[in-house]
Amino acid sequence: MNSSNRNLENIEHEVLSITKYRIIIIVMIFTAILMSVIALCLGRYKIDILDILKVFMSKITAVEHRWDPMTENVIFSLRLPRIIASLLVGSALALSGVTYQGVFKNPLVSPDLLGISSGACVGAALAILLGFGSIGIQISAFTLGIVTVILTTTIPKILKNDSITMLVLSGIIISGVMNSIMGIVKYLADPETQLSAITYWQMGSLAKVVPQDVLFTVPLILISTLILMLIRWKINILSLGDSEAKSLGLNIKLTRGITIICSTMLTACAVCICGTIGWVGLVIPHLGRMIVGPDNVRLLPISCVLGGMFMLFIDTLARVITNVEIPLSILTGLIGAPFYFYILSKQRMKLS
Amino acid sequence: MKKKKLKLIATVVTVVLSASMIGGCTNSNSKLNDEKTKETSAATNVKRTIVDSTGEKIELPEKLEKMAILPWPWVSIIYTLEGSGNNIIAMPKGAKDGYDMSILKNMAPELADVSTDFVDNDGNVNMETMANLKPDAAFCFTGKEAQTEKFKSLGIPVVQVKSAKDMKGLKDIIKITGEALGKEDRSKKLLEWYDKTEKYIESKQSKLENVEKYKVLNFYTTNDMKMYSKSSFNATINDMLGGQSINTTTNAGTANVSMEEVLNYNPDIILISNFDDVVPDDFYNNKLPGQDWSKVSAVVNHKVYKVPCGIYRMEPPNSVEKPIYMLWLASILHPDIFSDVNIEKEISNFLKEFFDYNATQDDIDKVLHKKLYH
């Protein structure tokens, strides 16, 4: 009750005018596009920016081909899929994080709360152990991630306790079980070939993404994003507390169910494209709150764009810094965690 | 009004860029094929088609002048079939380390500057660095479809083979490599040598039936107690030569084994690999950290050996000099039965026949690690 009162008061202090918000979002989208173009130019393989523009123009009109065919290969087979995938993954994870934080009324929550990352890890590890191809690994990771979330949400039903605390606790339990299974799988894996593949997947990488992978998950990500965008005002009501929400006429169970399903879908798709990546779903919503305040109607789109930009930045860093690719989780941790500290110090722990 | 205009411009730019991006994604393959065939039909009319281990038909240029090789032992196989290292432009660091420690360093100075930083120690390739090198073909082990897809999307043909688990597997690799390089005459010569060695060992089978099957322990890396497993090529060789191998359950080529299992097995012969710097004296003086070898039969009887390293390490299953390894091990396991083996002559014959290289006594001593034994 107290927190919900505080919520309303804080909104009054931090609200931006609608025009300011619109400008911010347009500027951000522009920046994201600019970053994508820059990312296309960056990489171990040297490409002139003029060549890039020419290559793109050649798709629309006829332009004389004066560049190495390898250049076109590198742009369309190596860099473009990665850029699009990193934008998608980043926005999916950030959106899922923002939704979870709204639904669970707790800004310390991340998409891994219900155990989806640990479940997907086990799924991928089992697929690698059994020698499945990359499609098999993706399907396995996706399926086991979803199954884990189903398990986590079933425990409260079995124990006949529907509260948020119960859900969080069952997430901890299932994550613990999944992590132990992960340990067993790693022990059984062939140290020569499989173990490194499993660890590499666990730490996340976009190096192996091919356009086909992205095509399978793009519709799911877009549909879930659309649904969440359409009902984002309801998340505001959810975050006021159960009794308040009920009195305002919201169907809590339905809304909570839909949002959890959509966020889980987003996280599962992100994870099966590139492995588990931490910190994005936790830090980006906070950054978004710093810019536009806690109103979910504004926060969700901003987090989407910010998440995409952040992931694009991280992935470009990962492939450009050294010859050996750095796994994404390492970079998100190294950059995200201190950044999180910085954000919290700026906000002085105003976790509204 | 200004904001609306801004929004309109933003939308238009976004639409144009995304249209070209999407267009690029879907059209690129067909466009690429047109360009590739235009370019290649102008440059090299002749192309060879080979079938690799995956059963796929692969088109390779007539002369492979820039080869990127991913599996470590394959570098020396290709070197043997080519007779020189001039056409190899990229190999992993593990292969380079093997080159530095072997006599190949003297024989093939052209390999000293080959690029090694396109792949990390776990086998993950940085595709952009690979694109920079612009190889004519890449050579990989099977089982990495995502990587193969990436190579193909860059227009680089990939030749794949399966890691050998027995003699037949190794011979298949030699045959496919010979076809890929257009050096079938040399691969035939190499295979004849393999057949000759196999026949020689088979001729001794009747004598090997009733001997004591000594227990061999084939190390992969010593410090973490990794051995070649019971399903590896080395275990098959142990059986062929009248020996036995330690029990492991995995299907993989190597396995971790605990000290207890080793003490239970009590090997009669220990073979140290060339993947670390451990020497027999480390066992005799019990200097290995965290391990106690003093009671083991092989240590008590001074039967700890380091596997020879010719132009490459000889203990991996895909080593080109495997016949030398087999004859060397044979003369250790049952010297009375394999008394007509002259291992030094085998080594110098191999180097003379395939590389026209006259091995000095120093070279042969280096191959056999003579200075480790007293």
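Residues numbered from 1 in each chain as written. Chains lettered and ligands numbered in written order. Predicted model: local features only at pLDDT ≥ 70, side-chain atom pairs only at ≥ 80, totals over all residues. Heavy atoms only, no water.

Caption draft 1: View of the overall build of chain B. Secondary structure summary: chain B contains 16 helices and 12 strands in total. A total of 374 residues make up chain B; the buried ones form 54% of that total. Long-range pairs, those at least 24 residues apart, make up 65% of the contacts in chain B between residues at least 6 apart in sequence. Summed over its atoms, the accessible surface of chain B is roughly 17,100 Å², and 52% of this surface lies on carbon and sulfur atoms. (Helix = DSSP H or I, 4+ residues; strand = E, 2+ residues; numbered from the N terminus. Buried < 20%, exposed > 50% of the residue type's maximum accessible area, 1.4 Å probe, protein only. Contact = heavy atoms within 4.5 Å. Areas by Shrake-Rupley, 256 points an atom, 1.4 Å probe, with all protein chains shown as cover.)

Caption draft 2: Spatial organisation of the overall build of chain A. What chain A contains, in helices and strands, is 15 helices and 0 strands. Taken against the 2.2 N^0.38 rule, which gives 20 Å for 352 residues, the C-alpha radius of gyration of chain A at 21 Å falls within 12% of a compact globule. In terms of principal-axis extent, the alpha carbons of chain A reach across some 65 × 55 × 35 Å. Here chain A, with 352 residues, has 55% of them falling under the buried criterion. Here the analysis covers contacts within chain A between residues at least 6 apart in sequence; of these, 75% occur between residues at least 24 apart. Carbon together with sulfur atoms contributes 70% to the accessible area of chain A, which is approximately 15,300 Å² in total. Taking the average place of the 26 positive charges on the side chains of chain A and the average place of its 18 negative ones, the gap between the two points comes to 6 Å. (Rg over C-alpha atoms; globule rule 2.2 N^0.38 Å. Lys, Arg positive; Asp, Glu negative; His and termini not counted. Charge placed at Lys NZ, Arg CZ, Asp CG, Glu CD.)

Caption draft 3: Looking closely at the sheet that holds strand β6 (residues 158-161) of chain B. All names here are of chain B. The 4 strands lie next to each other as β4-β3-β5-β6, forming an open sheet whose pairing is parallel. Where the open sheet ends on each side, the last strands, each with one partner, are β4 (88-90) and β6. Across the sheet, the mean angle separating the axes of adjacent strands is 30° when strand polarity is ignored. Packing of helix α2 (residues 74-82) onto the sheet brings it into contact with β3 (67-69), β4, β5 (137-141) and β6, and relative to β3 it is tilted by some 145°. (Pairing = 2+ DSSP bridges. Axes fitted to C-alpha atoms, helices over the stretch in contact; angles between N-to-C directions.)

Caption draft 4: Here's a closer look at the interface of chain A and chain B. The partner chain B presents 37 residues to the 44 residues of chain A that form the contact. Buried area between chain A and chain B, both sides added, is near 3,900 Å², and the carbon and sulfur share of it is 62%. Applying the counting rule to chain A against chain B returns 2 salt bridges. Between Arg79 of chain A and Glu128 of chain B there is a salt bridge whose closest N-O contact spans 2.6 Å. (Buried area = accessible area lost by both parts, 1.4 Å probe. Salt bridge = Lys/Arg side-chain N within 4 Å of Asp/Glu carboxyl O.)

Caption draft 5: Structural context of the nonpolar core. Within the largest apolar cluster, 88 residues are counted, with the highest numbers of intra-cluster contacts made by Val89, Phe104, Trp201 and Ile277 of chain A. Take this core: its biggest share by element is 12 residues, from helix α12 (residues 252-274) of chain A. Residues Ile69, Leu170, Ile201 and Leu271 of chain B belong to the second largest nonpolar core, which totals 73 residues. (Core = buried A, V, L, I, M, F, W, Y, C linked by side-chain atoms within 4.5 Å.)

Caption draft 6: Structural context of the pairing of strand β1 (residues 47-51) of chain B. Only one face of β1 of chain B is buried, namely the one carrying Arg48 and Ile50 of chain B, since none of Lys47, Thr49 and Val51 of chain B on the opposite face is buried. The hairpin turn running from β1 of chain B into strand β2 (residues 57-61) of chain B, its antiparallel successor, is 5 residues long, and Gly55 of chain B in that turn takes a positive phi close to 85°.

Caption draft 7: Focus on the environment of Ile311 of chain B. Residue and element names in this part refer to chain B. Structurally, Ile311 is set in the loop between β12 (304-306) and α14 (322-333). When the C-alpha positions of Ile311 and Lys105 are compared, they lie 8.3 Å apart, and in sequence the two are 206 residues distant. Apart from the residues lying within four places of it in its own chain, the contact partners of Ile311 are Ser76, Tyr79, Thr80, Ser102, Ile103, Leu104, Met107, Val320, Glu321, Leu351 and Phe355.

Caption draft 8: View of the confidence of the model for chain A. All names here are of chain A. Per-residue confidence for chain A gives a mean pLDDT of 84, with 94% of residues at or over 70. Within chain A, helix α14 (residues 296-320) carries the highest mean pLDDT (91), whereas helix α1 (residues 2-14) carries the lowest (51). Every residue in residues 9-13 scores below 50 in pLDDT, and together they form 2 contacts with partners more than four places removed in sequence or on other chains. (pLDDT = per-residue confidence, 0-100.)

Caption draft 9: Broad picture of the packing of helix α13 (residues 280-292) of chain A against helix α15 (residues 328-347) of chain A. Residues and elements named next belong to chain A. Where α13 meets α15, the axes come as close as 10 Å, and the angle between the chain directions of the two elements is 35°. Once α13 is placed against α15, the crossing between them reads as left-handed. The segment α13 lies against α15, with Val280, Leu282, Val283, His286, Leu287 and Met290 engaging Thr332, Gly336, Phe339, Tyr340, Ile343, Leu344, Lys346 and Gln347. Partitioned by chemical class, the residues of the contact of α13 with α15 number 9 nonpolar, 4 polar and 1 charged. (Left-handed = near helix turned anticlockwise from the far one by under 90°. Nonpolar A, V, L, I, M, F, W, Y, C, P; charged D, E, K, R; others polar.)

Caption draft 10: Quick look at helix α9 (residues 211-230) of chain A. Residue and element names in this part refer to chain A. For α9, with 20 residues, the first-to-last C-alpha span of 28 Å sits near the 28 Å given by 1.5 Å per residue. Its maximal kink placed at Thr217, α9 deviates by approximately 35°, while the proline Pro219 follows within four residues. When α9 is considered as a whole, its buried residues turn out to be Asp213, Val214, Thr217, Ile221, Ser224, Thr225, Leu228 and Met229. Lining the buried residues of α9 we find α4 (69-103), α6 (134-158), α10 (232-238), α12 and α14. (Expected span 1.5 Å × (residues − 1). Bend = angle between axes of the 7 residues up to and from the residue.)

Caption draft 11: Highlighting the confidence of the model for chain B. Per-residue pLDDT for chain B has a mean of 86; in total, 88% of the residues score no lower than 70. Both confidence scores are given for the complex: pTM 0.78, ipTM 0.71.

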